[in-house]
Amino acid sequence: MIQIYSAPLEGITGFAYRNAHRAHFTGIEKYYTPFLAPNYTHHLKTREREDIAPANNIGIPLVPQILTNRPGDFLWAAGQIYDLGYREINLNLGCPMPTVVKKHRGSGQLGNLDELDRFLNEICEGMDRQFGLETGGSDCSRLQNPDKPGQENGDQGKLRFSVKTRIGLDDADDAAALLELYNRYPLSELIVHPRTQKDLYGGKPDLETFAMFLEECRHPVVYNGDIFSVQDFVRIRDRFPDCERVMLGRGLIANPALARETGGGARLEKEELRKFHDAVFEALRETLPGQAPLIGKMKELWFYMGRNFEGADRYLKDIRKAKDLVRYRAAVRTLFSQCVFKD
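Here the structure is a predicted model, which means the values were calculated and not measured.

**Remarks on the nonpolar core**
A general tendency of soluble globular proteins is for nonpolar side chains to be buried together.
No. 1: Grouped together as the largest cluster of nonpolar side chains are 59 residues, with contacts concentrated most on Phe 74, Leu 116, Leu 120, Phe 161, Tyr 182 and Phe 213.
No. 2: Phe 161 has contacts with Phe 74, Ile 89, Leu 91, Leu 120, Ile 123, Cys 124, Met 127, Leu 133, Pro 186, Leu 187, Ser 188 and Glu 189, leaving out every residue within four places of it along the chain.
No. 3: One finds Ala 254, Phe 276, Tyr 304 and Phe 336 within the second-largest nonpolar core, a separate group that totals 36 residues.

**Let's talk about unusual backbone geometry**
No. 1: You will see that His 104, though not glycine, has its phi angle at about 60°, which is positive.
No. 2: Note that His 104 resides in the loop between helix H4 (98–101) and helix H5 (113–130).
No. 3: Even without being a glycine, Leu 200 presents a positive backbone phi close to 50°.
No. 4: Take Leu 200: it is sitting in the loop between strand S8 (190–192) and helix H7 (207–216).
No. 5: On the accessibility criterion, Leu 200 (33% relative accessible area) is partly exposed.

**Some points on a nonpolar patch on the surface**
No. 1: Taken together, the side chains of Met 97, Leu 200 and Tyr 201 make up a nonpolar region of the molecular surface, amounting to roughly 250 Å² of accessible area.
No. 2: Position of Tyr 201 relative to the elements: it lies in the loop between S8 and H7.

**Side note on the side chain of His 21**
No. 1: Within the secondary structure, His 21 sits in helix H1 (residues 15–24).
No. 2: Judged by relative accessible area, which is 0%, His 21 ranks as buried.
No. 3: In contact with His 21, other than residues within four places in its own chain, are Ile 28, Tyr 31, Leu 252, Pro 256 and Phe 276.

**So, the confidence of the model for the chain**
No. 1: Here the chain averages 93 in pLDDT, while 94% of its residues score no lower than 70.
No. 2: Here residues 149–155 scores under 50 on pLDDT; set against residues more than four positions off or in separate chains, the count is 21 contacts.

**Observations concerning the pattern of salt bridges**
No. 1: By the definition in use, this model includes 17 salt bridges.
No. 2: Its salt-bridge partner being Glu 88, residue Lys 30 comes within 3.1 Å of it at the nearest N-O pair. Of this pair, Lys 30 sits in strand S2 (residues 30–32) while Glu 88 sits in strand S5 (residues 88–93), and the two are 58 residues apart along the sequence. The same class applies to Lys 30 as to Glu 88, namely buried.

**Re the packing of helix H11 (residues 270–287) against helix H14 (residues 325–338)**
No. 1: Where H11 meets H14, the axes come as close as 11 Å, and the angle between the chain directions of the two elements is 165°. In terms of axis orientation, H11 runs roughly antiparallel to H14. Between H11 and H14 the crossing geometry is right-handed. On the side of H11, the interface is formed by Lys 270, Leu 273, Arg 274, His 277, Phe 281, Glu 282 and Arg 285, while H14 contributes Leu 325, Tyr 328, Arg 329, Val 332 and Phe 336.
No. 2: For the contact of H11 with H14, the class distribution of residues is six nonpolar, one polar and five charged.

**Side note on helix H13 (residues 313–321)**
Three- or four-residue spacings in an α-helix give side chains the same orientation, since the helix completes a turn every 3.6 residues.
No. 1: Taken together, the buried positions of H13 are occupied by Tyr 315, Leu 316 and Ile 319. Buried residues in H13, looked at end-on, bunch into an arc of 100°, giving them a common side. Within H13, the exposed residues directed more than 90 degrees away from the buried face are Asp 313, Arg 314, Arg 320 and Lys 321.
No. 2: Its buried side turned inward, H13 meets helix H12 (291–305) and H14.

**Observations concerning the packing of helix H3 (residues 71–83) against H5**
No. 1: In the contact formed by H3 and H5, the axes pass within 9 Å of each other and the chain directions differ by 30°. The pairing of H3 with H5 is recorded here as roughly parallel in orientation. The crossing of H3 and H5 is right-handed. Taken together, the residues of H5 that come into contact with H3 (itself represented by Pro 71, Phe 74 and Leu 75) are Phe 119, Glu 122, Ile 123, Gly 126, Met 127 and Gln 130.

**Comments concerning a negative patch on the surface**
No. 1: Taken together, the side chains of Asp 170, Asp 171, Asp 173 and Asp 174 present a region of like negative charge at the surface.
No. 2: Looking at where Asp 170 falls in the secondary structure, it is placed in the loop between strand S7 (159–165) and helix H6 (175–183).

**What about the environment of Pro 8?**
No. 1: Along the chain, Pro 8 falls in the loop between strand S1 (3–6) and H1.
No. 2: Sequence spacing of Pro 8 and Tyr 32 is 24 residues, and the spatial spacing of their C-alpha atoms is 5.2 Å.

Reading the values: rules and limits
- Residues numbered from 1 in each chain as written.
- Predicted model: local features only at pLDDT ≥ 70, side-chain atom pairs only at ≥ 80, totals over all residues.
- Heavy atoms only, no water.
- Core = buried A, V, L, I, M, F, W, Y, C linked by side-chain atoms within 4.5 Å.
- Buried < 20%, exposed > 50% of the residue type's maximum accessible area, 1.4 Å probe, protein only.
- Contact = heavy atoms within 4.5 Å.
- Helix = DSSP H or I, 4+ residues; strand = E, 2+ residues; numbered from the N terminus.
- Patch = residues over 30% accessible without salt bridge, like charges linked within 9 Å, V, L, I, M, F, W, Y side chains within 5 Å.
- Areas by Shrake-Rupley, 256 points an atom, 1.4 Å probe, with all protein chains shown as cover.
- Salt bridge = Lys/Arg side-chain N within 4 Å of Asp/Glu carboxyl O.
- pLDDT = per-residue confidence, 0-100.
- Axes fitted to C-alpha atoms, helices over the stretch in contact; angles between N-to-C directions.
- Parallel < 35°, antiparallel > 145°, perpendicular 65-115°, else oblique.
- Left-handed = near helix turned anticlockwise from the far one by under 90°.
- Nonpolar A, V, L, I, M, F, W, Y, C, P; charged D, E, K, R; others polar.
- Arc of directions from axis to C-beta.
- Lys, Arg positive; Asp, Glu negative; His and termini not counted.
- Charge placed at Lys NZ, Arg CZ, Asp CG, Glu CD.

As C-alpha cells, then:
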C-alpha cells in the first residue's frame with residue numbers, strides 16, 4: 001500500500017486548512033507544515049508558532065519543516081519543535097522561489113555541495129547529540145497523540161530527520177553527487193521533486209533522474225511532483241513499482257479528495273467540495289484579522305479548486321474581484337449553483 005503525504009504550500013496549508021481537510025477527507029498519512037524560517041533572533045513568528053502548536057493540530061500526523069542555511073538557527077528551531085513533542089523534522093532544500101534562492105536557502109543550497117555537506121554534517125551531529133537520530137523511515141503512529149505529538153507514554157524518543165529536495169540548481173548534472181551526499185547522512189526519508197530550481201514548476205519532472213535516486217538511495221524515497229489526477233498517480237506507480245511513498249501538492253489542493261481517490265475511494269463531489277470550502281472559510285475566519293486577509297486566502301485556494309468546474313472563468317473572475325464578504329459569498333454561491341462539476 002502506497003503511503004500518501006500532503007505537501008506544504010506556503011499561504012494555504014496552515015493548521016486551519018489541515019484541520020478542515022483531516023475532518024472531511026481520508027487517505028493522508030502525514031501533513032507537512034509550510035516552512036518555518038528561524039533567524040539569528042531565535043524567535044519564531046506568531047504565525048509560525050500557532051501553526052505548529054499541538055493544540056492546533058490535535059489528531060494530525062504533522063511534520064514541521066525548517067528553511068534555513070545556518071546550522072545554529074536550524075538546531076535552535078529543532079529544539080523548539082522537539083520540546084513541543086514532535087519527533088520528525090523536515091529540511092526544505094526544495095523551495096525554488098527566487099526570493100528564497102537568492103539568500104542561498106531552499107534549493108539555493110544545491111548550488112554548492114561542499115557548503116551543503118558542511119551544513120548537513122553540523123546539523124546532524126548537533127541533533128544526534130541533543131536528541132539522538134533515528135533512521136529507517138517514519139512511524140506515523142508516533143507523530144501525534146492527544147497530549148504531545150510523537151511522545152509515547154512519556155518516552156522522549158529519538159528524532160527522525162527527513163529532507164525535501166530538488167535534483168539540482170540549474171541542471172541535474174550533479175544529481176548523482178547530490179545523492180551520494182544524502183546517502184552519507186542519517187535521513188529517515190528523502191522526498192524528491194525531480195525538477196531543478198531553474199525549472200520552477202515548468203516543464204516535466206525528470207523521471208530518469210528520479211529513477212536513479214530511487215535505485216541508489218539508501219533511505220526511503222518519496223516521489224513528489226505533477227500528480228493532479230488518479231491517472232497521473234497510476235503512471236508514477238506503474239513506472240516506479242518500488243516507490244512506496246508519494247507526496248501530493250498542488251493536485252491535492254485542487255482536488256482535496258485526491259488521496260482518497262488514489263486508494264480506490266469515491267470521487268470528489270460538488271456538495272462535498274462546498275462543505276469543505278465552508279469549513280476552511282470558517283476556520284480561517286476565526287484566525288485571520290479581518291475580511292481582507294480572509295478573502296485573500298480563499299482566492300488563493302480558488303486558484304486551484306476552480307479547476308473542478310466546467311466553464312468557470314467568469315464565475316472565478318467574480319470571486320477574484322470580490323472586495324467584501326457579501327460579494328465573495330454571492331460569487332461562490334453562484335459558481336456552485338451555475339457551473340457544471342467535472343466528472
